[in-house]
Amino acid sequence: MSENARKVDRGGTAEGCPVEQGPDGVWRVRGHAAGRAVLRSTETVQAGLGVETMDRLPQKIRRPVLYRDGSEHREHRRQTARYFTRKRVDEKYRELMERVTDELLDRLVRDGSADLGGLGFELAVEVASAVIGLTDSRPGLAARLDEFFPEKFGRPGFTSVDGVYWFYRQNKQFLGIYLKDVRPAVKARKAERRDDLISHLIDEGCTGGEILGECVTFAAAGMVTTREFITMAAWHMLSDPALGKRYLAAEQRERYAILHEILRLEPIVGNLKRRTTAPVEIPGEVTIPAGELVDVEVGAVNVDPEAVGEHGLEVCPARELGDGANPYGLSFGDGPHKCPGAHLAIQESDVFLTRLLALPGIAMRTEPRIAMKEEISGYELRGLIVEVRSGA
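**Q** Please provide a residue-by-residue account of empty space enclosed by the protein, values included.
**A** Evaluation of the coordinates by the stated rule reveals one cavity of 30 Å³ or more. Estimates place the volume of the largest cavity at around 40 Å³. Lining the largest cavity are Leu134, Leu141, Leu145, Ile177, Cys215, Val216, Ala219 and Met223.

**Q** Can you break down the sheet that holds strand E3 (residues 44-47) residue by residue, with the values?
**A** Ordered in space as E1-E2-E8-E5-E3, the five strands form an open sheet in which the pairing is mixed. Among the strands making up the open sheet, the edge pair consists of strand E1 (19-21) and E3. Strand-to-strand, the axes of this sheet are offset by a mean angle of 30°, without reference to chain direction. Note: E1 against strand E2 (residues 27-29), three bridges, orientation antiparallel. In the strand pairing of E2, Val19 is matched with Val29.

**Q** Explain the packing of aromatic side chains to me, using residue names and the numbers behind them.
**A** The geometry of an aromatic ring pair is captured by two quantities: the separation of the ring centres and the angle between the planes. Enumeration according to the criterion identifies two aromatic pairs in this entry. Seen from their ring centres, Phe84 and Phe218 are 6.2 Å apart, and the 0° between their planes marks the pair as stacked. Placement of Phe84 in the loop between helix H3 (70-80) and helix H4 (86-111) and of Phe218 in helix H9 (residues 208-239) is noted, with a sequence separation of 134 residues between them. Judged by its relative accessible area of 13%, Phe84 is buried. Taking 5.0 Å as the distance between ring centres and 75° as the angle between the ring planes, the aromatic pair formed by Tyr328 and Phe332 counts as edge-to-face. In this structure, Tyr328 and Phe332 share a single accessibility class: buried.

**Q** Quick one: what's the story with a positive patch on the surface, residue by residue and with numbers?
**A** On the surface, a cluster of positive charge is made up of Arg138, Lys180, Arg183 and Lys187. Among the residues examined, Lys180 registers a relative accessible area of 32% and is labelled partly exposed.

**Q** Pulling in residues and values, what's your account of the environment of Val296?
**A** Relative to the elements of secondary structure, Val296 occurs in strand E8 (residues 293-297). Among the residues examined, Val296 registers a relative accessible area of 0% and is labelled buried. Counting along the chain gives 265 residues from Val296 to Gly31, while the straight-line C-alpha distance between them is 8.7 Å.

Analysis parameters
- Residues numbered from 1 in each chain as written.
- Predicted model: local features only at pLDDT ≥ 70, side-chain atom pairs only at ≥ 80, totals over all residues.
- Heavy atoms only, no water.
- 1 Å grid on protein atoms, 1.4 Å probe; cavity = no way out; pocket = protein on both sides within 12 Å on 5 of 7 lines; lining within 4 Å.
- Points joined across faces, edges and corners; volume = space filled by probe spheres on them.
- Pairing = 2+ DSSP bridges.
- Helix = DSSP H or I, 4+ residues; strand = E, 2+ residues; numbered from the N terminus.
- Axes fitted to C-alpha atoms, helices over the stretch in contact; angles between N-to-C directions.
- Phe/Tyr/Trp six-rings, centres within 6.5 Å; stacked < 30°, edge-to-face > 60°.
- Buried < 20%, exposed > 50% of the residue type's maximum accessible area, 1.4 Å probe, protein only.
- Patch = residues over 30% accessible without salt bridge, like charges linked within 9 Å, V, L, I, M, F, W, Y side chains within 5 Å.
- Areas by Shrake-Rupley, 256 points an atom, 1.4 Å probe, with all protein chains shown as cover.
- Salt bridge = Lys/Arg side-chain N within 4 Å of Asp/Glu carboxyl O.
- Lys, Arg positive; Asp, Glu negative; His and termini not counted.
- Charge placed at Lys NZ, Arg CZ, Asp CG, Glu CD.

The following block contains the structure:
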């Protein structure tokens with residue numbers, strides 16, 4: 001039996017039928033080829049991730065890109081792709097990544113220890129803010145965003161005290177981010193456009209509220225997920241000295257391969273949901289009728305032997321992949337909604353981790369606690385404390 005190197009046990013494997021409909025009517029996809037076919041299909045739309053809430057908004061309000069599909073979504077992605085190219089990320093943001101990382105790690109050395117998730121989040125906020133254009137904020141943006149995405153979500157509604165509190169709390173946080181972060185950025189860019197996403201949205205005629213929606217969406221997709229991945233990758237390499245040593249000694253290409261392999265094994269978002277708008281054929285398997293909910297179980301898809309070979313639960317950066325398989329599996333999604341910031345996330349994680357692991361005496365004091373967020377099918381890691389041990 002192969003070793004299971006996963007830190008987060010979602011209970012999902014690729015065993016059984018690649019596509020099957022459950023008793024609840026939901027089609028569950030566990031095969032890599034089938035998952036890729038669903039995500040690439042033009043006959044599906046986004047589901048989950050709060051889509052149902054967005055559907056209740058007036059039609060005249062422009063939805064954030066995450067919640068749009070079809071030609072409108074494709075055009076938005078085409079126009080904004082330039083912000084995430086490999087060349088731009090390396091030329092425009094690498095120096096920022098290195099500078100912020102050095103500042104954070106200088107603080108770690110000075111204090112002797114730190115919460116790694118907090119350090120990773122500060123880096124992710126600085127980098128994503130530069131891409132988005134949130135560079136005119138009042139102090140405390142990272143704290144405001146951390147508060148906006150709490151460790152434990154409530155459920156909205158007016159049928160319980162918790163629901164009313166959740167509604168009040170989230171709207172209060174929305175207002176705070178708008179007044180202290182988005183509005184100053186919009187004002188500055190209306191006076192003088194810059195090369196960032198907010199300037200592009202202004203040129204598209206977006207209102208302040210619509211720009212706020214895009215900023216919060218990018219915060220969730222870029223800042224929060226990058227924090228979790230940096231923590232997860234560090235956890236793997238600090239608890240496996242051989243892996244950490246290999247990573248630190250490697251050239252960039254091999255380091256990226258190690259990061260991709262960890263991400264394949266530990267996808268931050270474990271399920272990607274779609275709603276079919278017409279029959280969707282899964283080659284060699286089945287045709288899913290229109291109007292059906294499909295749940296692509298990324299954790300299972302990413303260990304499908306047809307895609308990643310045997311021993312899919314082990315960390316093996318040099319593994320041989322099947323036709324069409326990415327080294328990170330479907331952890332960045334696929335098709336029209338594939339994560340545009342994939343390279344950005346990997347590069348800033350690499351910049352941070354190479355410098356962290358190179359610190360003399362760096363060690364993990366406590367492993368993180370794991371909290372699962374069913375609402376977004378993801379994990380959160382909190383409390384991974386790193387320290388610099390003298391004399392090591």
